[in-house]
Structures are given as C-alpha cells and as structure tokens.
Amino acid sequence: QVQLVESGGGLVQAGGSLRLSCAASGGTFSSYAMGWFRQAPGQERESVAAINWSGRTYAGDSVKGRFTISRDNAKNTVYLQMNNLKPEDTAVYFCAARTWYGLSPLIREDEYVYWGQGTQVTVSS
C-alpha cells in the first residue's frame, strides 16, 4: 500500500516562499509519476505541477515561472518550491502518485491512484 504524506504548508505573506514536500512509502518511488494539486474553498481541485519518472515536468499556467516541482528518488520525496506567492495561491495542496512510465507528466486528477491528505497553504496580502 502506497502512502503519501505532505508537509511544509503554512502561513506566508504575499511575495514569500514555501517548499512543500511529499514523502512516499510503499511501492517503487522511482516508477511513479507524481503530481501536485490544489483546492481552494468552493473551487474544484486543479493541477499545479507534475513530474514523470524521468524528471520531465509540467507547471500550470497560473504558477508557471513561480513554482517548481522536483523529485529525489533516494529520499522517496517530491517537492514543490513555491516562490512569489500570491493570495490566490491559498488552498489545500495535495500530492498524488501512480506507477507510470510514459514520457509525459500526468496532469489530470483522474490519472492518479494514490493521494496524500493535503497540507494547507495560506498567503496573506
């Protein structure tokens, strides 16, 4: 059974930075496609960033140039570095995983099998 545990969320002022981590246990991390999603109150969950098994990445238009996804297979961990945060980035952030050897990162919610419990990110203006 794969378990994902997010950490690193918190309260930050606009313009600040946070780094989220998602630690995976169970299974073979190096074979996973990983993704970060977020959900604000009253809104649908949206894809933020994704990375495939080989390190190819995707970033959503709203975070491109500010957020960076990366992975450390030795630590079974995926990261989301978030810079120049804005109040509209406030949401619960989730990481997701599935075994996937495709060339492209997975960006749809229904493409993922395993999910973490989420971590709250709040950006004050």
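(A) Expanded view of the pairing of strand 8 (residues 77-82). Within strand 8, five of the six residues are buried, which leaves the element mostly enclosed by the surrounding structure. Of the strand pairs in this sheet, strand 3 (residues 18-25) and strand 8 are connected by six bridges, and their pairing is antiparallel. Each bridged residue has a counterpart across the sheet, and for Leu 20 the counterpart in strand 8 is Leu 80. Examined bridge by bridge, strand 7 (residues 67-72) and strand 8 share six bridges and lie antiparallel to one another. Following the sheet pairing, Asp 72 is matched in strand 8 by Thr 77. Linking strand 7 to strand 8, which pair antiparallel, is a turn of four residues; within it Asn 76 sits at a positive phi near 55°.

(B) How the structure looks around the environment of Val 78. Counting through the fold element by element, Val 78 comes out in strand 8. Separated by eleven residues in the primary sequence, Val 78 and Asp 89 have C-alpha atoms spaced 19 Å apart.

(C) Seen up close, the nonpolar core. Judged by nonpolar contacts, the single largest core of 29 residues is most densely connected at Met 34, Trp 36, Leu 80, Met 82 and Tyr 93. Of all the secondary structure elements, the ones that give two or more residues to this core are strand 3, strand 4 (32-39), strand 5 (46-51), strand 7, strand 8, strand 9 (91-99) and strand 11 (119-124). When sequence neighbours within four positions are dropped, the list of residues in contact with Met 34 reads Leu 4, Cys 22, Phe 29, Ala 50, Ile 51, Ile 69, Arg 71, Val 78, Ala 96, Ala 97 and Tyr 112. By size, the runner-up hydrophobic cluster in this structure holds six residues, among which are Ala 33, Phe 37, Ala 50 and Leu 106.

(D) Summary view of the packing of aromatic side chains. A complete count under the given rule lists five aromatic pairs for this structure. Plain terms: the ring middles of Trp 53 and Tyr 101 are 5.7 Å apart, the flat faces sit at 65° to each other, and that makes the pair edge-to-face. Residue Trp 53 is found in the loop between strand 5 and strand 6 (57-59), and its partner Tyr 101 is found in the loop between strand 9 and strand 10 (114-115); the two are separated by 48 residues along the sequence. Between Tyr 112 and Trp 115, the aromatic rings sit 6.3 Å apart at their centres with planes inclined by 70°, giving edge-to-face as the arrangement. A residue is classified by how much of its surface remains accessible, and Tyr 112, at 6% relative accessible area, is buried. Three or more aromatic residues link up through ring pairs in this structure, and these residues are Phe 37, Tyr 112 and Trp 115. A cation over a ring is seen here: Arg 45 above Trp 115, with NZ or CZ 4.7 Å from the ring centre. The ring of Phe 29 has Arg 71 sitting right over it, with the charged end atom 4.7 Å from the ring centre.

(E) Spotlight on the side chain of Arg 66. Structurally, the position occupied by Arg 66 is in the loop between strand 6 and strand 7. Arg 66 sits in the buried class, given a relative accessible area of 9%. There is a polar contact of 2.9 Å between the side chain of Arg 66 and the backbone oxygen of Ser 62. A polar side-chain atom of Arg 66 sits 2.7 Å from a polar atom in the side chain of Asp 89. When residues no more than four places from it in sequence are discounted, the contact partners of Arg 66 are Gln 81, Met 82, Asn 83, Asn 84, Leu 85, Lys 86 and Asp 89.

Cut-offs used in this document
- Residues numbered from 1 in each chain as written.
- Predicted model: local features only at pLDDT ≥ 70, side-chain atom pairs only at ≥ 80, totals over all residues.
- Heavy atoms only, no water.
- Buried < 20%, exposed > 50% of the residue type's maximum accessible area, 1.4 Å probe, protein only.
- Helix = DSSP H or I, 4+ residues; strand = E, 2+ residues; numbered from the N terminus.
- Pairing = 2+ DSSP bridges.
- Core = buried A, V, L, I, M, F, W, Y, C linked by side-chain atoms within 4.5 Å.
- Contact = heavy atoms within 4.5 Å.
- Phe/Tyr/Trp six-rings, centres within 6.5 Å; stacked < 30°, edge-to-face > 60°.
- Lys NZ or Arg CZ within 6 Å of the ring centre and 35° of its normal.
- Polar contact = N/O pair within 3.5 Å; in protein donor to acceptor, adjacent residues only side chain to side chain.

From the geometry alone we can't say anything about function, so treat these as descriptive.
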